[in-house]
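# Residue-level structural notes
This is what each chain is made of:
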Amino acid sequence: MSKWFTPVINRFNKLVPGLKKNATRDRGELTIVVPKEQLLDTVKVARDDAELRFESCTSVSGVHYPHDEGHELHVVYSLLSMTHNHRIRLEVAVPEDDPVLDSITSIYPHVDWHERETWDMFGILFQGHPHLTRILMPDDWDGHPLRKDYPLGGVPQKFKGATTPPPEERR
């Protein structure tokens, strides 16, 4: 376990109460589970506090847990402190029937395309995003292909005029 984990968790807990009990240390990595209502406050503290100084959000990605009722969609933010040479993850869960989360582009403008990709692939709506449109799939594409309930094959390829056979029919 890294010696810096405890001071970082304690600092977050002091500045954004309630996060300490949601920190996970596993395989030398620190993940803090953040309630969606506290996301913007937590990210702002992570960037602006001199003891934390997570200057960059290096990625935003989605995860779909269809059996985690009420928390089916997760967004994982990887933060980097170049000042302190630390990396952490913030994880936020939203329900599939209300997949809305505040955009962090006002804090880290460079995550614009990361949030667009997460919306495109998982259907998580980033409220306040400056231009939330598809980035990988065609504009008229139905669904979000990285969700686990998305069909694996036989999806018509509108832009090619062909279909992808189901997995069991592929070579």
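Residues numbered from 1 in each chain as written. Predicted model: local features only at pLDDT ≥ 70, side-chain atom pairs only at ≥ 80, totals over all residues. Heavy atoms only, no water.

## Considerations on the overall build of the protein chain
We apply this condition: Under the scheme used here, helices are H or I runs from DSSP no shorter than 4 residues and strands are E runs no shorter than 2 residues, and both carry numbers assigned from the N terminus. Buried, partly exposed and exposed residues are distinguished by accessible area as a fraction of the type maximum, computed with a 1.4 Å probe on protein chains only: under 20%, between the cut-offs, and over 50%, respectively. By definition in these notes, contact holds between two residues if any of their heavy atoms fall within 4.5 Å.
A tally of regular secondary structure across the protein chain gives three helices and nine strands. Going from the N terminus to the C terminus, the protein chain shows its helices and strands as α-β-β-α-β-β-β-β-α-β-β-β. By the burial criterion, 42% of the 171 residues in the protein chain qualify as buried. In the protein chain, of all internal contacts separated by at least 6 residues, the share reaching a separation of at least 24 is 48%.

## Side note on the sheet that holds strand β5 (residues 86-94)
Working definition: the strands of a sheet are paired by backbone hydrogen bonds and lie parallel or antiparallel to each other. This is how the line gets drawn: Should DSSP find at least two bridges between two strands, the strands are taken to pair. All axes are obtained by fitting lines to C-alpha atoms, using only the stretch in contact for helices, and the reported angles, taken between N-to-C directions, cover 0 to 180 degrees.
What the five strands build is an open sheet, ordered β1-β2-β5-β4-β3; its pairing is mixed. With partners counted over all chains shown, the strands left at the sheet margins are β1 (23-26) and β3 (56-64), one partner each. The sheet shows a mean angle of 25° between the axes of neighbouring strands, taken without regard to direction. Of the pairings in the sheet, the one linking strand β2 (residues 29-33) to β5 comprises three bridges and is parallel in character. Paired with isoleucine 32 across the strands is leucine 90, a residue of β5. Along the sheet, helix α3 (residues 112-122) makes contact with β3 and β4 (73-81), crossing β3 at roughly 5°.

## Structural notes on the environment of glutamate 69
Among the structural elements, glutamate 69 can be located in the loop between β3 and β4. For glutamate 69, a relative accessible area of 73% puts it in the exposed group. For the pair formed by glutamate 69 and proline 95, sequence separation is 26 residues and the distance between their alpha carbons is 7.5 Å.

## What to know about the packing of aromatic side chains
What counts, and what does not: The pairing test for Phe, Tyr and Trp rings, Trp by its six-membered ring, is centres within 6.5 Å, and the orientation test on the planes gives stacked under 30 degrees, edge-to-face over 60, and tilted for anything in between.
If you walk through the whole model with that rule in mind, you get one aromatic pair. For the ring pair tryptophan 4 and phenylalanine 5, a centre distance of 4.6 Å and an interplane angle of 90° mean the geometry is edge-to-face.

## Here's the deal with the side chain of aspartate 49
Among the secondary structure elements, aspartate 49 is positioned in the loop between α2 (39-48) and β3. Owing to a relative accessible area of 12%, aspartate 49 belongs among the buried residues under this scheme.

## Some remarks on the side chain of serine 81
To keep it simple, the criterion reads: Between N or O atoms, a polar contact is any pair within 3.5 Å; within protein, one atom must be a potential hydrogen donor and the other a potential acceptor, and residues adjacent in sequence are included only when both atoms are from side chains.
Relative to the helices and strands, serine 81 is located in strand β4. A polar contact is formed between the side chain of serine 81 and the backbone oxygen of arginine 53, at a distance of 2.8 Å. Of the polar contacts made by the side chain of serine 81, one reaches the backbone nitrogen of histidine 84; its length is 3.0 Å. Not counting residues within four places of it along the chain, the set of residues in contact with serine 81 comprises Leu52, Arg53, Phe54, Glu55 and His86.

## Section: helix α1 (residues 5-15)
Note that an α-helix has 3.6 residues per turn; residues three or four places apart therefore point the same way. Stated formally: Our arc is simply the arc of the directions from the helix axis toward the C-beta atoms.
Inspection of α1 places Phe5, Val8, Ile9, Arg11 and Phe12 among the buried residues, and these make up the whole buried set. Viewed end-on, α1 has its buried residues packed into an arc of 160°, placing them on one side of the element. Considering only its buried residues, α1 is in contact with β1, β2, α2 and β5.

## Description of the nonpolar core
How we decide: Residues belong to a common nonpolar core when they are buried Ala, Val, Leu, Ile, Met, Phe, Trp, Tyr or Cys residues joined through side-chain atoms within 4.5 Å.
One finds Phe12, Tyr77, Ile88, Leu101 and Tyr108 to be the most contacted residues of the largest nonpolar core, which totals 39 residues. At the level of secondary structure, the elements contributing two or more residues to this core comprise α1, β2, α2, β3, β4, β5 and α3. Leave out the neighbours within four places in its chain, and isoleucine 88 touches Trp4, Phe12, Leu30, Ile32, Phe54, Tyr77, Ser78 and Leu79.

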